[in-house]
Amino acid sequence: MQKVAIYPGSFDPITNGHISIIKRALKVVDKLIVVVAENSEKNPLFKIEERVKLIADLGIENTHVKSFKGLLVDCAKQENVNIVIRGLRAVSDFDYEFQLALANRRMNRELETVFLMTDYKYSYLSSSMLKDMAKYGGNIEGLVPENVKNKLKERFLSYGDN
Ligand code: PNS
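Residues numbered from 1 in each chain as written. Predicted model: local features only at pLDDT ≥ 70, side-chain atom pairs only at ≥ 80, totals over all residues. Heavy atoms only, no water.

Chemist: Can you lay out the pattern of salt bridges for me, pointing to particular residues and giving the numbers?
Modeler: For the coordinates displayed, the defined rule picks out 10 salt bridges. For the salt bridge of Glu141 with Lys149, the shortest nitrogen-to-oxygen distance reads 2.8 Å. (Salt bridge = Lys/Arg side-chain N within 4 Å of Asp/Glu carboxyl O.)

This is the structure we're talking about:
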């Protein structure tokens, strides 16, 4: 039987840190459903359709992308999946991730959250930091795939060369 997991997040936008988690998760499971949360952030930079497309356009094998609104446990149920993948960057992520995993497990005892350590190269990287770098002309080379870099460029055209 195929092992399938969901990898939820805001992905506003997807970074190379996320991609590293996706690729490594695929060494543990056969198929990954990347689910982009519609309600996790009140003021996202990119619309939900844009965030989904940026991930789908990467064409990562054995990966399927979709959006979700509401509770993650309901999304997992809908997809018939009992494994949630989350990336851990540093100790600072732990409190929130611990809360999230326990809240989800309280709502669905079958749901297990599996944490993967982010590649050390991206351990400081977050989508919000990336957006600031892009907005004010910082060098984001190597931190995001080409399509995301172009999309950020397009969005922040008036701020500089990135
Ligand atoms: O990339 P993020 O912002 O760290 O992802 C957080 C996300 C989307 C995984 C989390 O906020 C989430 O699952 N939101 C959906 C609502 C939900 O189920 N919350 C947890 C239990 S109350």
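Having seen the model, we can carry on.
Chemist: Give a detailed account of helix α5 (residues 127-135), specifying residues and quantitative values.
Modeler: Listing the buried residues of α5 in full gives Ser127, Leu130, Lys131 and Ala134. Mapping the buried residues of α5 onto a view down its axis gives an arc of 100 degrees, with all of them on the same face. As for α5, its buried residues are in contact with α1 (16-25) and α6 (146-155). At the exit of α5 stands Gly137, carrying a positive phi of roughly 80 degrees. (Buried < 20%, exposed > 50% of the residue type's maximum accessible area, 1.4 Å probe, protein only. Helix = DSSP H or I, 4+ residues; strand = E, 2+ residues; numbered from the N terminus. Arc of directions from axis to C-beta. Contact = heavy atoms within 4.5 Å.)

Chemist: I'd love a proper account of the site of the ligand, names of residues and values included.
Modeler: Around the ligand sit 14 residues in total, of which Ser10, Gly70, Leu72, Arg86 and Tyr96 are the nearest. Contact between the ligand and Ser10: an oxygen atom at 2.5 Å from a side-chain N or O atom of the residue. A distance of 3.3 Å separates an oxygen atom of the ligand from a polar atom in the side chain of Tyr96. Coverage of the ligand by the protein chains reaches 72% of its 550 Å² of free accessible surface. Counting residues per element, the shell around the ligand draws most heavily on helix α4 (residues 91-107), at four residues. In terms of residue class, the shell around the ligand is built from eight nonpolar, five polar and one charged. (Near = heavy atom within 4 Å. Polar contact = N/O pair within 3.5 Å; in protein donor to acceptor, adjacent residues only side chain to side chain. Areas by Shrake-Rupley, 256 points an atom, 1.4 Å probe, with all protein chains shown as cover. Nonpolar A, V, L, I, M, F, W, Y, C, P; charged D, E, K, R; others polar.)

Interpretation in functional terms is not warranted from these geometric data alone.
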